[in-house]
Amino acid sequence: MKTVFITGGTTGIGMELAKLYANKGWKVGVCGRDKLKFEASFQVGRDNVTFYQVDVANRDEIKKAIADFSKSIGLDLLIANAGIGYAYKTKVPDFEWSYRIVHVNLLGVMYAFEAALDVMIPRSKGQLVAMSSIAGYNGLPGVSAYSATKAAVQKYCESLHLDLKQFNIDVTTICPGFVDTPLTQANDHMMPFMVKAPKAASLIARAIEKKKMIYAFPFFFSMIVRIMGMLPRTWYRALMSFKAINYSKD
Ligand SMILES: NC(=O)c1ccc[n+]([C@@H]2O[C@H](COP(=O)([O-])OP(=O)(O)OC[C@H]3O[C@@H](n4cnc5c(N)ncnc54)[C@H](OP(=O)(O)O)[C@@H]3O)[C@@H](O)[C@H]2O)c1
């Protein structure tokens with residue numbers, strides 16, 4: 001039986017991925033800070049999903065949870081999905097919240113990968129997946145730390161993809177556009193090409209199965225964003241001065 005540990009698997013994309021893998025007969029471990037979210041999302045004891053109450057920004061906690069899961073259940077696949085963003089996008093950043101975003105979205109991925117590699121390198125097999133975002137392709141206004149962490153996750157995974165080949169370990173980066181989850185339900189702006197969370201999970205699972213190095217979706221929206229990433233930066237800045245696509249407030 002295959003095994004997967006998903007950080008931030010109690011709501012949104014992580015929860016849908018956990019359900020998808022559990023329905024395929026995998027043994028699934030999920031973590032989150034709030035046990036009530038887990039109990040609201042899963043039929044405890046029946047869903048083949050084990051919960052770990054963990055803050056991914058706490059290196060010892062996440063390392064212990066992944067080590068416990070792999071020892072008692074196994075670890076074929078690790079999905080570092082937990083992440084936070086900005087509901088209110090302001091021109092002057094909230095620095096306290098920005099530092100928290102770095103701890104959760106970047107260090108949280110690194111801590112989870114560190115714990116998984118402790119198990120995967122000696123076995124010379126496994127797959128690491130991290131949740132980036134299409135917000136990582138460009139410096140988006142109003143979400144500076146979010147864009148920065150998601151760009152960093154892309155490059156971190158690209159490096160590891162090269163380094164870990166020799167250990168037979170695959171690394172996949174996922175870059176979703178807007179997905180309908182509690183994270184985006186807090187947004188008060190337009191979210192073009194929004195995808196439902198179960199659909200997002202099935203696209204992500206297919207990319208993971210194909211061991212893609214990087215997978216961005218939905219296709220058309222991700223193409224627009226990637227083309228914006230290739231523009232001369234003066235053109236990009238001019239484009240982002242249009243209010244309709246710049247959600248940053250005074
Ligand atoms: N939704 C989108 O449009 C979208 C687009 C691009 C990328 N993404 C990325 O996809 C990932 C999942 O997002 P989502 O939309 O599914 O968000 P979500 O519905 O808010 O779910 C986030 C999950 O992460 C957990 N989490 C948050 N902070 C945590 C922490 N410090 N330690 C452990 N668990 C934590 C949450 O549980 P607790 O709160 O109980 O801890 C929850 O299970 C994130 O990395 C996000 O940046 C989302």
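Above this note sits the structure.
The sections below set out a description of the structure shown in this document.

1. Quick look at the overall build of the protein chain
Then step 1. Across its full length, the protein chain carries nine helices and nine strands.
Then step 2. In summary, the protein chain has a C-alpha radius of gyration of 18 Å against a globular reference of 18 Å for 250 residues, a match within 12%.
Then step 3. With the C-alpha coordinates of the protein chain rotated into their principal frame, the extents come out at 55 × 40 × 30 Å.
Then step 4. Counting only residues that meet the buried cut, the protein chain has 51% of its 250 residues in that class.
Then step 5. For the protein chain, the exposed area adds up to about 12,400 Å²; of that, 59% sits on carbon and sulfur atoms.
Then step 6. Of the side-chain charges in the protein chain, 31 are positive and 20 negative, and the distance between the mean point of each set is 7 Å.

2. Examining the sheet that holds strand β4 (residues 77–80)
Then step 1. Read from one edge of the open sheet, seven strands run β3-β2-β1-β4-β5-β6-β9, paired in parallel fashion. Both outer strands of the open sheet, β3 (49–53) and β9 (214–217), are each paired with one neighbouring strand and no more. Each adjacent strand pair in this sheet contributes to an overall mean axis angle of 15°, direction not counted.
Then step 2. Here five bridges tie strand β2 (residues 27–32) to β3, and the two strands are oriented parallel to one another. Paired with Val28 across the bridge in β3 is Val49.
Then step 3. With respect to the sheet, helix α5 (residues 144–164) is in contact with β5 (126–131), β6 (169–176) and β9, its orientation differing from that of β6 by roughly 160°.
Then step 4. Along the sheet face, helix α7 (residues 197–209) touches β4, β5, β6 and β9 and points at about 160° away from the line of β9.

3. Quick word on the nonpolar core
Then step 1. Counting 38 residues, the largest nonpolar core has Phe5, Ile62, Ile66, Leu78, Phe113 and Leu128 as its most contacted members.
Then step 2. For this core, the elements supplying multiple residues, two or more each, are α3 (59–72), β4, α4 (95–123), β5, α5 and β6.
Then step 3. The element best represented in this core is α4, accounting for eleven residues.
Then step 4. Excluding residues within four positions of it along the chain, Leu78 makes contact with Phe5, Ile66, Ala112, Phe113, Ala116, Met120, Gln127, Leu128 and Val129.

4. So, the environment of Ile224
Then step 1. Within the element layout of this structure, Ile224 appears in helix α8 (residues 219–230).
Then step 2. Using a relative accessible area of 33% as the deciding quantity, one classes Ile224 as partly exposed.
Then step 3. Each C-alpha atom of the pair Ile224 and Tyr156 lies 23 Å from the other, and the pair is 68 residues apart in sequence.

5. Digging into the site of the ligand
Then step 1. Lining the immediate surroundings of the ligand are 32 residues, of which Thr10, Lys37, Tyr146, Val179 and Thr181 lie closest.
Then step 2. Thr10 is positioned with one of its side-chain polar atoms (N or O) 2.6 Å from an oxygen atom of the ligand.
Then step 3. The backbone of Gly177 places a nitrogen or oxygen atom 3.4 Å from an oxygen atom of the ligand.
Then step 4. Of all the elements in the fold, those that place two or more residues in the shell around the ligand are α1 (12–23), α4, α5 and α6 (182–185).
Then step 5. Per element, the largest residue contribution to the shell around the ligand is three residues, and it comes from α6.
Then step 6. Residues that form the shell around the ligand fall into these classes: 13 nonpolar, 13 polar and six charged.

6. As for the pattern of salt bridges
Side-chain pairs of opposite charge can arise whenever the charged atoms involved come near each other.
Then step 1. In total, this model carries twelve salt bridges according to the counting rule given.
Then step 2. Put simply, Lys63 and Glu114 hold a salt bridge, and the shortest N to O gap is 3.3 Å. Placement of the pair is Lys63 in helix α3 and Glu114 in helix α4, with a sequence separation of 51 residues.
Then step 3. Measuring nitrogen to oxygen at the nearest pair gives 3.6 Å for the salt bridge that ties Lys155 to Glu158.

7. A word on the side chain of Lys150
Then step 1. Here Lys150 lies in helix α5.
Then step 2. Here Lys150 is buried and forms no salt bridge, its nearest opposite-charge partner Asp55 lying at an N-O distance of 14 Å.
Then step 3. A polar side-chain atom of Lys150 sits 3.0 Å from the main-chain carbonyl oxygen of Met131.
Then step 4. Ignoring sequence-local partners within four residues, the contact set of Lys150 consists of Asn105, Met131, Ser132, Ser133 and Gly136.

8. Remarks on a positive patch on the surface
Then step 1. Together, Lys199, Arg206, Lys210 and Lys212 line one region of the surface with positive charge.
Then step 2. Looking at where Lys199 falls in the secondary structure, it is placed in helix α7.
Then step 3. Given the relative accessible area of 48%, Lys199 is considered partly exposed.

Criteria and cut-off values
For every chain, the first residue of the written sequence is number 1, and numbering continues from 1 onward in sequence order. Given that the model is predicted, a residue must reach a pLDDT of at least 70 before its local features are reported, and side-chain atom pairs must reach 80 or more before they are shown or counted; all residues, however, enter totals for whole chains, interfaces and linings. Here the side-chain values reflect all heavy atoms present in the structure, with hydrogen atoms and water set aside. Numbering of helices and strands runs from the N terminus; a helix is a DSSP stretch of H or I covering at least four residues, while a strand is a stretch of E covering at least two. Only the C-alpha atoms count toward the radius of gyration. The rule for a globule is 2.2 Å times the residue count to the power 0.38. Note on exposure labels: buried denotes an accessible area under 20% of the residue type's maximum, exposed denotes more than 50%, and partly exposed covers the range between, all computed with a 1.4 Å probe on protein chains only. In short, Shrake-Rupley with a 1.4 Å probe defines the accessible areas, and a residue's cover is counted only from the protein chains shown. Positive charge is attributed to Lys and Arg, negative charge to Asp and Glu, and no charge count is given to His or to the chain ends. Positions of charges follow a simple convention, taking NZ of Lys, CZ of Arg, CG of Asp or CD of Glu. What makes two strands pair is DSSP finding at least two bridges between them. For every element, the axis is a line fit to its C-alpha atoms; helices are fit only across the contacting stretch, and the angle between N-to-C directions ranges from 0 to 180 degrees. Two residues form a contact once any of their heavy atoms are found within 4.5 Å. To form a nonpolar core, buried Ala, Val, Leu, Ile, Met, Phe, Trp, Tyr and Cys residues must be joined to one another through side-chain atoms within 4.5 Å. One heavy atom suffices: a residue is near a molecule or strand as soon as one of its heavy atoms comes within 4 Å of it. Pairs of N or O atoms within 3.5 Å make up the polar contacts considered here, provided that, within protein, one atom can donate a hydrogen while the other can accept it, and that residues adjacent in sequence are counted only when both atoms are side-chain atoms. In this classification, Asp, Glu, Lys and Arg are treated as charged, Ala, Val, Leu, Ile, Met, Phe, Trp, Tyr, Cys and Pro as nonpolar, and every other residue, Gly included, as polar. Salt bridges, as used here, are contacts in which a Lys or Arg side-chain nitrogen is within 4 Å of a carboxyl oxygen on Asp or Glu. Each patch groups residues whose relative accessible area exceeds 30% and which form no salt bridge, using 9 Å between like charges and 5 Å between nonpolar side chains of Val, Leu, Ile, Met, Phe, Trp and Tyr.

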